[in-house]
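# A closer look at the structure
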Amino acid sequence: MSIIYVVVLTYVKPLEEVDAQILAHVEWLKKGYADGVFLASGRRVPRDGGVILAKCDSLESLEERLSQDPFQKLNIAKVDIIPFEASMKAQFLENML
């Protein structure tokens, strides 16, 4: 069973610096979706960071992927990773998680 990860990004730089790297960050996210690792992502409300829902076989491989995010390379956001095993889920998620 794969572990599901909630990745919480918190901006540590002004939004101007975030916005300057947003296109590179989105391209990095697209690669995660194409690889089947990212399930959902978006901005936090209020806009002080973001959240990524990921499915990955190991914390180490997720950490390696996250280290390639332009936001991490440029120290724009700090990352908190919350792993969990989904013991209950909606029926439409049965084959996905």
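The rules behind the values
- Per chain, residue numbering runs from 1 following the sequence as it is written.
- Owing to the predicted nature of the model, reporting of local features is limited to residues with pLDDT of at least 70; listing and counting of side-chain atom pairs is limited to 80 or more, with chain, interface and lining totals taken over all residues.
- For side-chain calculations, the full set of non-hydrogen atoms in the structure is used, while hydrogens and water are omitted.
- Numbering of helices and strands runs from the N terminus, with a helix taken as a DSSP run of H or I at least four residues long and a strand as a DSSP run of E at least two residues long.
- Atoms counted for the radius of gyration: C-alpha only. Globule rule: 2.2 Å times residue count to the power 0.38.
- For a helix, the expected span equals 1.5 Å multiplied by the residue count minus one.
- Two axes enter the bend calculation: one fitted to the seven residues ending at the residue in question, the other to the seven starting there, and the bend is the angle between them.
- Three labels apply to residues, based on accessible area from a 1.4 Å probe with only protein chains included: buried if under 20% of the type maximum, exposed if over 50%, partly exposed otherwise in between.
- The contact rule is simple, with two residues in contact once any of their heavy atoms fall within 4.5 Å.
- Side-chain rings of Phe, Tyr and Trp, where Trp is taken by its six-membered ring, are said to pair if the distance between their centres is within 6.5 Å; with planes under 30 degrees apart they count as stacked, over 60 as edge-to-face, and otherwise as tilted.
- A pair of strands is labelled paired if DSSP reports no fewer than 2 bridges between them.
- Note on definitions: angles span 0 to 180 degrees between N-to-C directions of axes, and those axes are lines fitted to C-alpha atoms, for helices only across the stretch in contact.
- Here a polar contact means two N or O atoms within 3.5 Å. Within protein one must be a hydrogen donor candidate and the other an acceptor candidate, and residues neighboring in sequence count only if both atoms are side-chain atoms.

### Things to note about the overall build of the protein
A tally of helices and strands in the protein yields 3 helices and 4 strands. Starting at the N terminus, the α and β elements of the protein follow one another as β-α-β-β-α-α-β. For 97 residues, the compact-globule formula gives about 13 Å, and the C-alpha radius of gyration of the protein, at 14 Å, lands near that figure. Taken over the C-alpha atoms alone, the protein extends approximately 40 × 25 × 20 Å along its principal axes.

### A short note on helix H1 (residues 15–34)
The end-to-end C-alpha separation of H1 is 27 Å, in line with the 28 Å expected for 20 residues at 1.5 Å each. In the structure, H1 departs most strongly from a straight axis at isoleucine 22, where the bend amounts to approximately 50°. Taken together, the buried positions of H1 are occupied by Val18, Ile22, His25, Trp28, Leu29 and Gly32. Each element contacted by the buried residues of H1 is listed here: strand S1 (3–11), strand S2 (38–43), strand S3 (49–56), helix H2 (59–67) and helix H3 (70–73). Of the residues flanking the end of H1, it is glycine 36, one or two places downstream, whose phi is positive at about 80°.

### Thoughts on the packing of aromatic side chains
Counting across every chain of the model gives 3 aromatic pairs. Their ring planes at 85° and their centres at 6.0 Å tell us that tyrosine 33 and phenylalanine 38 sit as a pair that is edge-to-face. Residue class for tyrosine 33 comes out partly exposed when judged on its relative accessible area of 34%. Under the relative-accessibility criterion, phenylalanine 38 is labelled buried at 3%.

### Some thoughts on the sheet that holds strand S4 (residues 77–84)
Spatially, the 4 strands line up as an open sheet ordered S2-S3-S1-S4, and their pairing is antiparallel. Of all strands in the sheet, those with a lone pairing partner are S2 and S4, marking the two edges. Geometrically, the sheet is characterised by an average inter-axis angle of 15° between neighbouring strands, direction not taken into account. As judged from the 5 bridges shared by S2 and S3, these two strands associate in the antiparallel manner. Each residue of the ladder has a partner; that of phenylalanine 38, found in S3, is alanine 54. On top of the sheet, H1 reaches S1, S2 and S3; it is set at about 165° to S2, its chief contact.

### Some points on the environment of aspartate 69
Inspection of the secondary structure puts aspartate 69 in the loop between H2 and H3. Overall, aspartate 69 belongs to the buried group, its relative accessible area being 1%. C-alpha of aspartate 69 to C-alpha of aspartate 57: the two residues are 12 residues apart in sequence and 19 Å apart in space. Setting aside residues up to four positions removed in sequence, aspartate 69 forms contacts with Leu9, His25 and Trp28. At 3.0 Å, the side chain of aspartate 69 and the backbone nitrogen of phenylalanine 71 are in polar contact.

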